Amino acid sequence: MTRVLSTFTLLFASALVLAGCAAPAPAPGPDTGTETDAPTSDASAATGDLISGDGYTYNVPEDWGIPDQSPAGFNPDSFAVDLNDTDGFTDNINVILSPAGQITSDQVEQAGPPELEGSGAENVEVRPRVGIAGEESAHLSALFTQGGATYQIDQYYPTHEGQTYVVTFSFSEGVPQGDREDLAESILASWTWA
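Because the structure is a prediction, the values reported are computed rather than measured.

**Some thoughts on the overall build of the chain**
Secondary structure summary: the chain contains three helices and 11 strands in total. Taken from the N to the C terminus, the helices and strands of the chain come in the order α-β-β-β-β-β-α-β-β-β-β-β-α-β. Intrachain contacts of the chain at a sequence separation of at least 6 include 56% that bridge at least 24 residues. For the chain, the exposed area adds up to about 8900 Å²; of that, 47% sits on carbon and sulfur atoms.

Following this line, the structure appears as structure tokens:
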């Protein structure tokens, strides 16, 4: 667990830098009640513990949950880990609210890669957009090395009612992209707006 706790400072800083540098988003238009055209996953929703945050909930897989200790110096809106991970890096999810409020998918895809690279990320990739609880989300992936740990992230950026949520999944270096996306999509398939 200590290795996962030491890596959160960088992930938190990366998300804040991206959120802080994004150009102001256009004011949201009237709510038409229509859902996004972004593809939705056919993943089965995770059925483990229900995690609640500011304006949303999601379920994690059965072996995941909130850890006993919180990461020092990191105060996410929500946070859960694989409680049975034994490979030296604890796979996890954390969510923070963008301090800039709303950030569009176009803004994320343009500003995100250079911001992540500026934070030391390698292999930054803009992945296909996804739908999360009826909202479109950009999806970025990257590889980080910090404090002797090398790990991969997948970040999603759904926006609801003028607030963007930075949803970061962190995985051990050896977890293949397909497996990372399968796990992320199972959690995101359970996402609901409160």
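**A word on the pattern of salt bridges**
One side chain can pair with another of opposite charge once the charged atoms of both are near each other. Counted by the stated rule, this structure contains six salt bridges. One salt bridge in this structure joins Arg127 and Glu125, with 2.8 Å as the shortest N-O distance.

**Structural notes on the sheet that holds strand β11 (residues 192-193)**
In space, the three strands of this open sheet follow the order β1-β2-β11, with antiparallel pairing throughout. The sheet terminates laterally at β1 (50-53) and β11, the two strands that pair on one side only. Note that strand β2 (residues 56-59) and β11 share two bridges and pair antiparallel. Bridge pairing links Thr57 to Thr192 in β11.

**A short note on the pairing of strand β8 (residues 149-156)**
Counting buried residues along β8, seven of its eight residues qualify, which places the element largely inside the surrounding structure. Taken together, the eight bridges between strand β7 (residues 135-146) and β8 define a ladder with antiparallel strand orientation. The residue bridging Thr145 from the neighbouring strand is Thr150, located in β8. Taken together, β7 and the strand that follows it, β8, pair antiparallel across an intervening segment of two residues, in which Gly147 is found at a positive phi of about 55°. Examined bridge by bridge, β8 and strand β10 (residues 163-172) share six bridges and lie antiparallel to one another. The residue of β10 that forms the bridge with Tyr156 is Val167.

**With respect to the side chain of Gln152**
Considering the arrangement of structural elements, one finds Gln152 in strand β8. Taking relative accessible area as the criterion, Gln152 reaches 13% and is therefore assigned buried. Here Glu173 takes part through its backbone oxygen, which lies 2.4 Å from a polar atom of the side chain of Gln152. Among the polar contacts listed, one links the side chain of Gln152 to the backbone oxygen of Val175, at a separation of 3.0 Å. Look past the residues within four positions of Gln152 in its chain and what remains in contact with it is Ala142, Leu143, Phe169, Ser170, Phe171, Ser172, Glu173, Gly174, Val175 and Arg180.

**Comments concerning unusual backbone geometry**
Phi is positive for Asn123, close to 50°, though the residue is something other than glycine. Residue placement: Asn123 occurs in strand β6 (residues 122-132). A relative accessible area of 58% places Asn123 in the exposed class. Within the chain, Glu161 stands out as a residue other than glycine whose phi angle is a positive 50°. In this structure, Glu161 sits in the loop between β9 (159-160) and β10. Look at Glu161 and you get exposed, because its relative accessible area is 74%.

**Looking at the confidence of the model for the chain**
Per-residue confidence for the chain gives a mean pLDDT of 83; residues scoring 70 or more make up 79%. Every residue in residues 1-36 is under pLDDT 50, and counting partners more than four places away or in other chains gives 68 contacts.

**Section: the nonpolar core**
Counting 23 residues, the largest nonpolar core has Tyr58, Ile93, Val167, Phe169 and Trp191 as its most contacted members. Counting only elements with at least two residues in this core, the list comes to β2, β5 (92-97), β6, β10 and α3 (177-188). Beyond its immediate sequence surroundings of up to four residues, Ile93 is in contact with Tyr58, Val60, Trp64, Ser78, Phe79, Ala80, Val167, Thr168, Phe169 and Ile187. Counting 16 residues, the second-largest nonpolar core is a separate cluster that includes Ile103, Ala142, Tyr151 and Tyr157.

How each quantity is defined
- Residues numbered from 1 in each chain as written.
- Predicted model: local features only at pLDDT ≥ 70, side-chain atom pairs only at ≥ 80, totals over all residues.
- Heavy atoms only, no water.
- Helix = DSSP H or I, 4+ residues; strand = E, 2+ residues; numbered from the N terminus.
- Contact = heavy atoms within 4.5 Å.
- Areas by Shrake-Rupley, 256 points an atom, 1.4 Å probe, with all protein chains shown as cover.
- Salt bridge = Lys/Arg side-chain N within 4 Å of Asp/Glu carboxyl O.
- Pairing = 2+ DSSP bridges.
- Buried < 20%, exposed > 50% of the residue type's maximum accessible area, 1.4 Å probe, protein only.
- Polar contact = N/O pair within 3.5 Å; in protein donor to acceptor, adjacent residues only side chain to side chain.
- pLDDT = per-residue confidence, 0-100.
- Core = buried A, V, L, I, M, F, W, Y, C linked by side-chain atoms within 4.5 Å.

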